[in-house]
Amino acid sequence: MTLHRRALLAGTATVLAGTGARAQQPSDARPALRLPVRPQTGDVVQPLPRSAPGSDLEVIDLWPDLPPGGGGPFRSEYRFDETLTGVITAVARPCLLVIRPERPNGAGVLIAAGGGYLRIDIGNEGLPVGQWLARAGITAFVLVYRLPSEEWRDGPDAPRQDAQRAMRLIRWKAEEYGLDPDRVGVLGFSAGGHLMGVTATDAEQDLYDDLDDADGLSARPSFAGLIYPIITMRAPYDRTMSSRRVLVGDDPPDARRRAYSVEVQVNARTPPVFMVQASDDRIAVTDHPLLMYAALRAAKVPVEMHLFERGGHGFGLGVPGSPAAAWPALFMAWMRGHGLLKS
């Protein structure tokens, strides 16, 4: 079902997904999400936020009720706040925004934009990437995930829960979207690269209780693209101040650093990985992908990495004419080489 996002931002689970909300209150006793109703007609009054990038998109709710664990930036009307440039905060109802190709080739990609776990920059690293993938026949799912900085009780595990649930829901809906469940992967940028990295390496650790048949499916992606990713929380490479503080704090014990370091979680079951980085990146310094590359090689996991001389951090699809702008074509060639773009 296709909805205008002006409506879906204001919608409840009933409005958006056609499913009834459960009658019982959640454990943290926050009121259920309801919209005002016109007394004369019973019609739902849907307040309209400002127009934002990608306003006409299909939506998949991740959770039938409020997300697990409780807490968060409860909003009575909107599922999240979004600026005109596509920066999202205050995520109360995580979801997937779907970009369908005209001619789907059976592959699907879950996209996680970055923002230091303080915001989600779908205007730069989400919607343009999804549109690019759709032009290649790949069904794109832009993940609007919970931000640990917004007082979710499960803290840094809240976005990981959303990512696991998203992978399972995409596979559960594979027939509806014309997908091959064995060709569903992830693509993450910066902090979103960290999130997709832990989803690829630590998917066997269930972070929430099963809700329905979808949760019987695997959360492990078939492949992973990590673009200028945050990988490690270990010193002396933990100079990504925002992500590190949000995930593990200012002076965490080594065990906590390791628990949220992607390279530590790599094992023989990790799917093939494609990585991109600019050598002049001052936020996710090149040690991050190099540590990941070494861990993948040690585990005998197929990996391809491209280090560009220039590009900085947050270049998205790449500034036209810059070295980093070559990565989208390289990623497509890598996917073809792994048999992921079957026609």
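Residues numbered from 1 in each chain as written. Predicted model: local features only at pLDDT ≥ 70, side-chain atom pairs only at ≥ 80, totals over all residues. Heavy atoms only, no water.

**Student:** I'm lost on the overall build of the chain in this one. Help?
**Tutor:** The helix and strand inventory of the chain stands at twelve helices and twelve strands. The 343 residues of the chain split such that 56% are buried. Considering only contacts within the chain whose residues lie at least 6 apart along the sequence, 78% involve residues at least 24 apart. Only carbon and sulfur atoms are counted for the fraction: they give 49% of the accessible area of the chain, which is about 14,100 Å². (Helix = DSSP H or I, 4+ residues; strand = E, 2+ residues; numbered from the N terminus. Buried < 20%, exposed > 50% of the residue type's maximum accessible area, 1.4 Å probe, protein only. Contact = heavy atoms within 4.5 Å. Areas by Shrake-Rupley, 256 points an atom, 1.4 Å probe, with all protein chains shown as cover.)

**Student:** Is there a simple way to think about unusual backbone geometry in this case?
**Tutor:** Among all residues except glycine, the phi angle is most often negative; among peptide bonds, the trans geometry is most common. With phi around 55°, serine 190 is a residue other than glycine that occupies positive phi space. Its location among the elements puts serine 190 in the loop between β9 (184-189) and α7 (191-201). We note that lysine 300 has phi near 60°; this positive angle belongs to a residue other than glycine. Mapped onto the fold, lysine 300 is located in the loop between α11 (287-298) and β12 (303-308). Looking at lysine 300, the relative accessible area reads 74%, which means it is exposed.

**Student:** Sorry, what's going on with the side chain of arginine 146 here?
**Tutor:** One can find arginine 146 in the loop between β8 (139-144) and α5 (157-172). Side chain to side chain, arginine 146 and glutamine 161 meet in a polar contact 2.9 Å long. Discounting residues that sit within four places of it in the chain, arginine 146 has contacts with Trp63, Pro67, Pro68, Val91, Pro94, Trp152, Ala158, Pro159, Gln161 and Asp162. (Polar contact = N/O pair within 3.5 Å; in protein donor to acceptor, adjacent residues only side chain to side chain.)

**Student:** How should I be thinking about helix α4 (residues 127-135) in this particular structure?
**Tutor:** Two residues of an α-helix separated by three or four positions point the same way, owing to the 3.6 residues in each turn. Turning to α4, its buried residues are Leu127, Val129, Gly130, Trp132, Leu133 and Ala134. Looking one or two residues past α4, glycine 137 carries a phi angle of roughly 90°, positive in sign.

**Student:** What is the right way to read the sheet that holds strand β3 (residues 81-82) from this model?
**Tutor:** Either a parallel or an antiparallel arrangement is found when strands of a sheet pair, and the pairing is made through backbone hydrogen bonds. Within the open sheet, the three strands sit side by side as β3-β4-β7. Their pairing is antiparallel. Looking at which strands have only one partner, the edges of the open sheet turn out to be β3 and β7 (120-121). Pairing analysis gives two bridges linking strand β4 (residues 87-89) to β7, with the strands arranged antiparallel. Paired with isoleucine 88 across the strands is isoleucine 120, a residue of β7. (Pairing = 2+ DSSP bridges.)

**Student:** How do you make sense of α11 when you look at a structure like this?
**Tutor:** Across its twelve residues, α11 extends 16 Å between first and last C-alpha, which sits within 8% of the 16 Å expected from 1.5 Å per residue. Every buried residue of α11 is listed here: His288, Pro289, Met292, Ala295 and Leu296. Axial view of α11: buried residues confined to an arc of 125°, hence all on one face. Turned more than 90 degrees away from the buried face of α11 sit Arg297 and Ala298, all of them exposed. (Expected span 1.5 Å × (residues − 1). Arc of directions from axis to C-beta.)

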